[in-house]
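# Observations on chain architecture
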Amino acid sequence: MMSTRLINFTLNGESVSTAIEPHRNLVELLQRFDLFGARESCGQGLCGCCTVLVDGKAVSGCLYFAVWVDGKDITTIEALDADGQLSPLQQAFVDTAAFQCGYCTPGFILMAQQLLEENPNPSDDDIRHYLSGNLCRCGTYPEVIEAVKAAAKR
Amino acid sequence: MIPFEMVEPTSLKEALSLLDPQEPTIRPVAGGTALMLMMKAGVFTPTRLVCLHRIEPDFSRIALTDNGELRIGAMATLRELELDSNVRSRLPVLARAMRTLSSVRVRNVARVGGALAHGDPHMDLPPVLTALGARLSITGPNGSRELPLEQLYVGYYETVLEKTDLITAVTVPPLNGRKAAYMKVTSRTADDWPSLGVAVTFAVADGRISDPIVVVSAATEKVTRMSAAERALQGAAPDDADLRRAADAAADEVETLSDAHGSAPYKRELLRVYLRRAVRQALDGSGH
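Residues numbered from 1 in each chain as written. Chains lettered and ligands numbered in written order. Predicted model: local features only at pLDDT ≥ 70, side-chain atom pairs only at ≥ 80, totals over all residues.

### Let's talk about the overall build of chain B
Scanning chain B from N- to C-terminus turns up 11 helices and 14 strands. A globule of 288 residues ought to have a C-alpha radius of gyration of about 19 Å, and chain B, at 19 Å, matches this closely. Along the three orthogonal principal directions, the C-alpha set of chain B runs to about 60 × 45 × 35 Å. In chain B, which comprises 288 residues, the proportion classed as buried is 47%. Counting contacts in chain B only where the partners sit at least 6 residues apart, residues at least 24 apart contribute 63% of the total. (Helix = DSSP H or I, 4+ residues; strand = E, 2+ residues; numbered from the N terminus. Rg over C-alpha atoms; globule rule 2.2 N^0.38 Å. Buried ≥ 20, exposed ≤ 12 C-beta atoms within 10 Å, placed from the backbone. Contact = placed C-beta atoms within 7 Å.)

### Focus: the domain arrangement of chain A
In terms of domain boundaries, chain A breaks down into domain 1 (5-78) and domain 2 (88-153). Opposite the 12 residues of domain 1 of chain A that make contact, domain 2 of chain A presents 12 residues. (Domains from an automatic or database assignment.)

### Considering unusual backbone geometry
All names here are of chain B. Notably, Asp-206 is not glycine yet its phi reads approximately 50°, a positive angle. One can find Asp-206 in the loop between β12 (196-205) and β13 (208-217). Take Asp-206: there are 7 C-beta atoms within 10 Å of it, and that puts it in the exposed class. The phi dihedral of Asp-211 is positive, around 50°, even though this residue is not glycine. On the secondary structure map, Asp-211 appears in strand β13. Residue Asp-211 is classed as partly exposed on the basis of its C-beta count, with 13 C-beta atoms lying within 10 Å.

### A closer look at the pairing of strand β2 (residues 14-20) of chain A
All names here are of chain A. The sheet contact formed by strand β1 (residues 5-11) and β2 spans seven bridges and is antiparallel. Across the sheet, the residue bridging to Asn-8 is Ser-17, located in β2. The hairpin turn running from β1 into β2, its antiparallel successor, is two residues long, and Asn-12 in that turn takes a positive phi close to 50°. (Pairing = 2+ DSSP bridges.)

### Some thoughts on the environment of Pro127(B)
The residue Pro127(B) is located in helix α8 (residues 125-131) in this model. Between the alpha carbons of Pro127(B) and Lys222(B) there is a distance of 9.7 Å; along the sequence they are 95 residues apart.

### Structural notes on the environment of Leu161(B)
Residues and elements named next belong to chain B. In this structure, Leu-161 sits in the loop between β9 (158-159) and β10 (166-172). For the pair Leu-161 and Ile-138, spaced 23 residues apart in the sequence, the C-alpha separation amounts to 8.6 Å. Contacts of Leu-161, omitting those with residues within four sequence positions, involve Ala-117 and Ile-138.

### What about the sheet that holds strand β7 (residues 143-148) of chain B?
By definition, the strands of a sheet pair up through backbone hydrogen bonds, in either a parallel or an antiparallel sense. Residues and elements named next belong to chain B. What the five strands build is an open sheet, ordered β4-β5-β10-β6-β7; its pairing is antiparallel. Two strands close off the open sheet at either side, each with one partner strand: β4 (62-64) and β7. If you compare each strand with its neighbour and ignore which way they point, the axes differ by 20° on average. Note: strand β6 (residues 135-140) against β10, five bridges, orientation antiparallel. Note that in β10 the partner of Ile-138 across the bridge is Ile-167. (Axes fitted to C-alpha atoms, helices over the stretch in contact; angles between N-to-C directions.)

### Some words on the pairing of strand β11 (residues 179-185) of chain B
Residue and element names in this part refer to chain B. Of all seven residues in β11, seven are buried, a share of seventy percent or more. The alternating pattern of β11 places Lys-179, Ala-181, Met-183 and Val-185 and Ala-180, Tyr-182 and Lys-184 on opposite faces, both of which are buried. Two strands pair when backbone bridges link them, and β11 and β12 are joined in this way by seven bridges, in the antiparallel orientation. Of the residues in β12, the one forming a bridge with Ala-180 is Thr-201.

### Concerning the nonpolar core
Membership of the largest hydrophobic core comes to 133 residues, with the highest contact counts inside it found for Val170(B), Val200(B) and Leu275(B). Excluding residues that lie within four positions of it along the chain, Leu275(B) makes contacts with Val198(B), Val214(B), Ala229(B), Ala246(B), Ala247(B) and Ala250(B). (Core = buried A, V, L, I, M, F, W, Y, C linked by C-beta atoms within 7 Å.)

### Comments concerning the packing of helix α2 (residues 88-95) of chain A against helix α5 (residues 141-153) of chain A
A pair of packed helices can be characterised by two numbers: the angle between their axes and the separation between those axes. All names here are of chain A. Relative to each other, α2 and α5 sit at 135°, their axes nearing to 8 Å. Accordingly, the angle class assigned to the pair α2 and α5 is oblique. Considering the relative orientation of α2 and α5, their crossing is right-handed. Each of Pro-88, Leu-89, Ala-92, Phe-93 and Asp-95 in α2 lies in contact with α5, whose residues at this interface are Ala-147, Ala-150 and Ala-151. (Parallel < 35°, antiparallel > 145°, perpendicular 65-115°, else oblique. Left-handed = near helix turned anticlockwise from the far one by under 90°.)

What follows is the structure in structure tokens.
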């Protein structure tokens, strides 16, 4: 067996450390911390269900080696309502019914949050382009666009 | 994925020393987004990955040189390239191509050098940069050299790079008024791997096309310059008849491959249509 490596990183505001093998990806790492909001679905970076923020930038957790988060700041969907309050985007998704099964929702919300940070007043076209790498098998795309626009106004 | 060793050198020299000229299971890794796909598919099973992140600060700068060329560090992310102010103002065709190059997440992680060295003909950056006349800076155990990007690809996932070579930068000359466009055709989502990529650059003199460079990707086994199409475009008036002649020349000269993104005859027809569209997009400025 190949050896594990000790990594230290910040996870949703808390300093943590763990030993992990180089062939594990970021989604597998998060599961060790009982965080299941990032899900490996397509496993190819195409669907967005595994979205995680690394040093404030969205990555596909299924295509990111776990050892690479050493020294970095990791934010998952679980951080957004850590104070017991839904974030404005989460509330907007609820208000516009922008999901059915909810499997893809954490990825959509983290990506939409990043979009609004970069572009606080996005057009429909901007939203479509930014979220083109997030797939929803329930087909809630129109509601997702409504939710992002609603959150942008708040 | 099955276990392997990951080493993280802190200098280019150390990185080169950890590669092996004879060992195909040892490879450098930049962003890893393409390599991990190969590993998950079982196509590539490494014994050692040489991670380049610790030398990244020295090789991720994007800057203009004194003679107006854009020098892009190989470890710059695709997203940094997309948002760079010089890229946006001087090579907008490049920034535009990024919009449908995979997702924002992949662009946040994938590196320019990796996207060029990987050799997958479905990638978007190689055809665009080839049409722009880009040159690579490569360092190996015996020193550094320059190579026109056009000469990098020799086959399906095959490049002229040795196993101990690393791309350190790519240099793109200024457009100097040349028109440029890149069009990709996908059969599923807009940011998917394409069925066809076609990049064109050319000058316009007295209403006629001159010095065209035409590059096809994805539909072929490697990124390929289309010399017959270029000859047909040289001196052409950008009207339907001349563009049709060039598109027919393009469709006749390359061998298209069937895969999950379309059959060979379908891709040949796509090339015929999209070569004309790319020239028109370059001309009306929307392709810039």
